[in-house]
Amino acid sequence: MLFKVTYQENKIVIPTRESTESLYIEAENQVEARRILEENTPYNIEFIQPLEGKHLEYEQQNPDFQVTVFPQ
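Rules used in this analysis
- Residues numbered from 1 in each chain as written.
- Predicted model: local features only at pLDDT ≥ 70, side-chain atom pairs only at ≥ 80, totals over all residues.
- Heavy atoms only, no water.
- Phe/Tyr/Trp six-rings, centres within 6.5 Å; stacked < 30°, edge-to-face > 60°.
- Helix = DSSP H or I, 4+ residues; strand = E, 2+ residues; numbered from the N terminus.
- Buried < 20%, exposed > 50% of the residue type's maximum accessible area, 1.4 Å probe, protein only.
- Core = buried A, V, L, I, M, F, W, Y, C linked by side-chain atoms within 4.5 Å.
- Contact = heavy atoms within 4.5 Å.
- Pairing = 2+ DSSP bridges.

J.: How should the packing of aromatic side chains be read in this particular structure?
T.: The geometry of an aromatic ring pair is captured by two quantities: the separation of the ring centres and the angle between the planes. Here the structure, examined in full by the defined rule, presents two aromatic pairs. Taken together, a centroid distance of 4.1 Å and an interplanar angle of 10 degrees make the contact between Y7 and Y43 stacked. Residue Y7 is found in strand β1 (residues 2-8), and its partner Y43 is found in the loop between α1 (30-40) and β3 (44-51); the two are separated by 36 residues along the sequence. Taking the relative accessible area as the measure of exposure, Y7 reaches 7% and is therefore buried.

J.: Sorry if this is basic, but what is going on with the nonpolar core here?
T.: The nonpolar side chains of a soluble globular protein tend to be buried, and buried together. Counting residues in each nonpolar core, the largest one holds 12 residues, listed as F3, V5, Y7, L23, I25, A27, A33, I36, L37, I45, I48 and F70. For this core, the elements supplying multiple residues, two or more each, are β1, β2 (21-26), α1 and β3. In contact with F3, other than residues within four places in its own chain, are L23, Y24, I25, A27, N29, Q30, A33, I48, Q49, P50 and L51.

J.: How do you make sense of the pairing of β2 when you look at a structure like this?
T.: The side chains of a regular strand alternate, first on one face of the sheet and then on the other. In the sheet, β1 pairs with β2 via six bridges, with the strands oriented antiparallel. Note that in β2 the partner of L2 across the bridge is E26. As defined by bridge partners, β2 adjoins strand β4 (residues 67-68) across two bridges and the pair is classed as parallel. Considered in β4, the bridge of I25 is made with T68.

Pasting the structure below:
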């Protein structure tokens with residue numbers, strides 16, 4: 001399943017909307033997605049949202065849409 005993850009690149013700085021980034025990740029569920037991110041990034045994860053149906057189609061229309069893959 002695909003998930004959209006919103007995050008801050010730094011856990012120390014106070015989160016602001018202007019510094020929020022997003023990425024797309026494939027995982028079995030939200031718990032696994034969080035585990036993968038925590039093992040591979042220093043990010044402050046704000047939200048992990050499942051993508052399916054019309055929402056997934058909408059996100060895929062974005063020219064910056066790219067699924068992030070971390071080494072195993």
